[in-house]
Structures are given as C-alpha cells and as structure tokens.
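Listed here are the chains, written in short residue letters.
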Amino acid sequence: MKPLHNRPRSWLISSVCSFVLLVSVFSLTAVAQTLDQTGHWVDIAAPESDWPEPWADRPAEAGPPPLTGGVGWYLMEVSLPHAGEWVIDFRHSSVIGTFEHRVYDASGREVETLGGGLQRTTTSDFIMRHGARLALPAGEYFIVTRTDSPFYLAQPEPALFPLADYQQQYRKTIAFVLIGLGIFGALAFYYLNLGLWRRSASDLLYVGFILGNIVYNGTALMVPQALGLTTHFYLISFPILVSNLCYVLFVMRLLRIGRAQHSRVWLLGVTLAAVMVAFWPIALIWPSVSLELCRIGVGLMAVYGMIAGIARARMGDRVAWLYLIANFSFLVPALMAITARQLATGDLWLIEHLGLLAVLLEVLLLALVISYQISMMRVNQDRMQHLADHDPLTGCLNRSSLQTRLDDLLQHMGRSSDKLALLFIDLDGFKPINDDYGHRLGDDLLRVVADRIKTRLRGSDLVARIGGDEFVVVLHPIHEDQAALQIADKIRQAIGESVRLLNKDLVCTASIGLALYGQHGQDRNGLMEAADQAMYAAKAQGRDRVVIAEADQSELVPA
C-alpha cells in the first residue's frame, strides 16, 4: 500500500472546507423567534368530517404516524402576544400527501381553515413550502392538524412563525435548494456529454444517479408545484431506487472492481445490484414501503462505496483515495438523512435539505475525482507518446521522431531567411569502453553525453540518438554558418571532458560532421548523407574534430 502522503493534501482540505461551509448553512442560521406554543401528536379515531373539539375533551397523546404512511393528528396550543401576520408550516419534513389545519380561538370558534399537500393542486402562499399565511389578533389558540400520506420521510411537525422571521429563513432555504438543483443539472449535463464523448459507461451511470436525485429532491421540495405542474407522489421514492443501482454500478466501473482482482468486492457489488433490482417489484406491489427501501438502498450503496474504495486504495490507487474522501463527505450526512426523524437546526431546515446537502457534497467532490482521472489519462497518453517519440535510455528523440520533425522544419525553410544546420555525431572509442567495462557503464556514459549535448543547445534545436553511439543535432534557426560551427565545436569540447563513472575516470571524444541546408542538401536524406560523410572525414583526419561537409562529396574520403 502506498503511503498516505501520496494523496494530495488539497483534496482533504477542500473536502473538509466544503463540508464545514455547507453544514454551516444549517447550524448558523438564526432560529425563528420562539412563540409560546406547545404541541404533540394525539390519538384521535375520527373520520375527516368529524373533527375533535380540543378545548372540550383533550385527546390523549400518541406517537407520530408511521413512516410507511397513514393518518396523524397534531394538537398545538399557542399564545400570541400581539396581533399580526403569522405563517403555519411544517418542521423537519415536507413529504406529506395531504394536510389540513383548523384554527380555533379560546372560545372554540373556528377562525381559519387551511390545507394543502403534495397530492393536492392547491397553491401555497410560499413556493416550494407548505407555509400558509394567516392574520390573527393576540390571544390563545388551538390548532388541529390532520395529515394523511402514503409515506413520510420524517416526522412532520406543525409550527407557527412570525411572518418576518419566516420570510428571513425561507429565502435562505429556497436559495439553497435552487443552487443545489442547479449544480445537479449542470453536472448531469457535463457527465452526459463526457460519457458520450468518452463512450464511458461510468459517466453515464453517474448521470443516472444525479437525475434520480434531481427528480427525488425536486418532487420532495415541491419544485413541480412551483412550476404549476402535476406532482406524482411516488417520484419521491422510485427514482432513488433506480439511482441507487446506478451508483453501485458506477462505483464498480470507476474503481475498476474486477472479478479477477477483487472477487469478493465484485461479488458483493453484483449481489447488491441484484438486491436493488429486487426492490423494484416490491415497491410496485407495496408502494408505502418504497421510501423505506430507498433508505436501505442508500445505506447499502454508501457502505459499499467505502468497502470498494478501501479495497482499491490499499492497492495504491490514487483515484480510490480521492473517491474515499468524496464518499466519506457523502456518507455522514446521508446516514443522518436516512435515520433522522427530526432535525435539530433552524425551524425551516428539513431532512430533505440534509439529503440534498449529502449528495451535493459528493457530486462536487466526485467532479474533481473524475477531472483528476481524466487528467491522469491525458498524462498517461502524453507519457506513452513521449516513449514512442524518444529514446528510452537518453531521453533524446528517436530516429523516427527526428525524421518527422526534420521534415516539418524543411517544409517551411523556403518561407524564411533563417538557415538550418545538421550535425552528425559519432563517439570515438566508445566500443572499447563498453566492451571493457560493461554495458551498464556504457549506458551511463551515453546518458552523460546526451546531457552534455542538450546543455549546449537552445529550446528550438533538436537532438536525437539514432544508433548505439550516434547522435544527430538539428540547429534551427541559424543566421550565420559560423554560428553553427561554433555550437558544434562547443558540443565537441563538452563531450571530450573527463567524466567519472563507477570509480573510473573516462575520456570519450566525438567526431562531428556538419551540413548546412541549401549548401549541402535540400532534403532530409541529402543533409543526413552529407553530415554522415563529413563525420567520416573527421575520423579520417584524426578524430575529435568538426568537419564541414563539402559541396562535392566525392572529395571526402571515409575513414
């Protein structure tokens, strides 16, 4: 396993900062002004047409309606210190099929009736909330609330708020929802295009995960109603059943969980995917348990993500380490969202907002994970291209790459007044050194020679190793012939300096042939041949020297 310091610290810092920043939205929001109000769920067995009289016979306290759905009655007593405008809304959750509030004064006179819910078409006074405004004078009031829902995400709790305090919190919650859903939409579009461009199943599976959460969060937070659209209540559960499956398959693809390398983790993922598919017919037969199946699925997929991430991270996979950070940022608020029944934060923050926060944290950090993965793919492609173009021993260009780049330069030579020079370098006495001291020392010597050549060149020049101890240098641009000769001689002097390798002092000189474009050749083959013949002439004249090619190559006698 690779050490922890191989993971980018910036990822850990960014994930912690993101978590703290977004959680602070909940924890630092000012709580609405507290009124003198008490309330509890009560045990009332009465049809909808027969409402209780709370001032006459106080019903016994009872637990909230079960999360798998049903009817619940909530009795609230409130004392208003002054006349004004008030808002009645639900704490903790907005997933309520239908509800009705009836407000009675201290004498038992009904003064207001309000209703709504996700299964009704009535328009709320506040978009994406169940809040209803009412004007009441100072005094004592009873408020009886009846809820009826196919299932509940958490325990909705009616509460009364001063209008000004409600509006202050309301704007913040709505802004959070709109920003969160906007980010979901943008990332879904991004991953869709990325998946189609890369033909990547993992990207497309993640699109499915995000779209499922967009539909779920949008429906639960009443976005369709705000747009004047009809709401299908079970869009709060069924899309998550699909997105959970997409997420498990996405993790297996992202982290490359294979049957051969990770048989147990792979088998766990396949089994989990089969279980999640089995949830679909169960949810169709018993829709009231569909949201409970979603809770189970979210917990299973989050835990599986941690298991798969740890398995890959232990093998040193950098993407797995980064994924674990993203998954942990999702895991904590997600588990809170699927297990919490009430939310101990500002009055208008809901369990739905906590779930939105969990997924928002993960999609933001996973966007960075996938961006990192793409950048690593590009780095690997560049590395492979570099290996294809360069000599692995010296890092110089190889023969094929030199030919391609030299041809490109020669194509543009007629459009410029600049000149081009080609040097053919052959080491003197390299073979005896290699034979006497071994290939390891010979390889080290070639690397030293290559480095000495590179340090005498400019960024526009090229250097290639085309054979065992043969190098070619292309000097471009060259304004004067004498400048090419001076550079060639500097290279010769650098190569000839003593070098100590494996406790041995060695001297290796070079014979260099120099050919100029236009004078000694018009194309690559002509220049290479002229410089090669000039190099042989340098050897014939005593080695360790630079010889300029002659226009008439027949006058040059090879060594």
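These figures come from a predicted structure and were not determined experimentally.

Engineer: Looking at this structure, I do not really get the sheet that holds strand β9 (residues 419–428). What am I missing?
Structural biologist: Sheets are built from strands that pair by backbone hydrogen bonding, the pairs being arranged parallel or antiparallel. Taken together, 5 strands build an open sheet; the order of strands is β10-β11-β9-β14-β15 and the sheet is mixed. Strands with a single pairing partner mark the edges of an open sheet, and in this sheet they are β10 (462–465) and β15 (546–548). Pairwise comparison of adjacent strand axes, ignoring direction, gives a mean angle of 20° for this sheet. Relative to strand β11 (residues 470–478), β10 is paired through 4 bridges, and the arrangement is antiparallel. Pairing of alanine 464 across the sheet is with valine 472, part of β11.

Engineer: Looking at this model, I keep getting lost on the pattern of salt bridges. Mind explaining?
Structural biologist: When their charged atoms lie close together, side chains carrying opposite charge are able to pair. This structure, assessed with the given rule, holds 22 salt bridges. Between aspartate 203 and arginine 198 there is a salt bridge whose closest N-O contact spans 2.7 Å. Owing to a relative accessible area of 0%, aspartate 203 belongs among the buried residues under this scheme. A salt bridge links arginine 256 to aspartate 317, with the nearest nitrogen and oxygen atoms 3.0 Å apart. Of this pair, arginine 256 sits in the loop between α5 (238–254) and α6 (263–285) while aspartate 317 sits in the loop between α7 (290–313) and α8 (318–339), and the two are 61 residues apart along the sequence. Aspartate 317 sits in the buried class, given a relative accessible area of 10%. Where salt bridges share partners, they join Asp426, Asp428, Lys539 and Arg543 into one cluster.

Engineer: Looking at this structure, I do not really get the sheet that holds strand β5 (residues 110–116). What am I missing?
Structural biologist: Across the sheet, which stays open at both edges, the 5 strands sit in the order β1-β2-β7-β4-β5 with antiparallel pairing between neighbours. On the outer flanks of this sheet lie β1 (36–42) and β5, each paired with one strand and no other. Strand-to-strand twist in this sheet, taken as the mean axis angle between neighbours without regard to direction, amounts to 15°. Here strand β4 (residues 98–105) runs beside β5; their pairing, made up of 6 bridges, is antiparallel. Along β5, the bridge assignment pairs tyrosine 104 with glutamate 110.

Conventions we followed
- Residues numbered from 1 in each chain as written.
- Predicted model: local features only at pLDDT ≥ 70, side-chain atom pairs only at ≥ 80, totals over all residues.
- Heavy atoms only, no water.
- Pairing = 2+ DSSP bridges.
- Helix = DSSP H or I, 4+ residues; strand = E, 2+ residues; numbered from the N terminus.
- Axes fitted to C-alpha atoms, helices over the stretch in contact; angles between N-to-C directions.
- Salt bridge = Lys/Arg side-chain N within 4 Å of Asp/Glu carboxyl O.
- Buried < 20%, exposed > 50% of the residue type's maximum accessible area, 1.4 Å probe, protein only.

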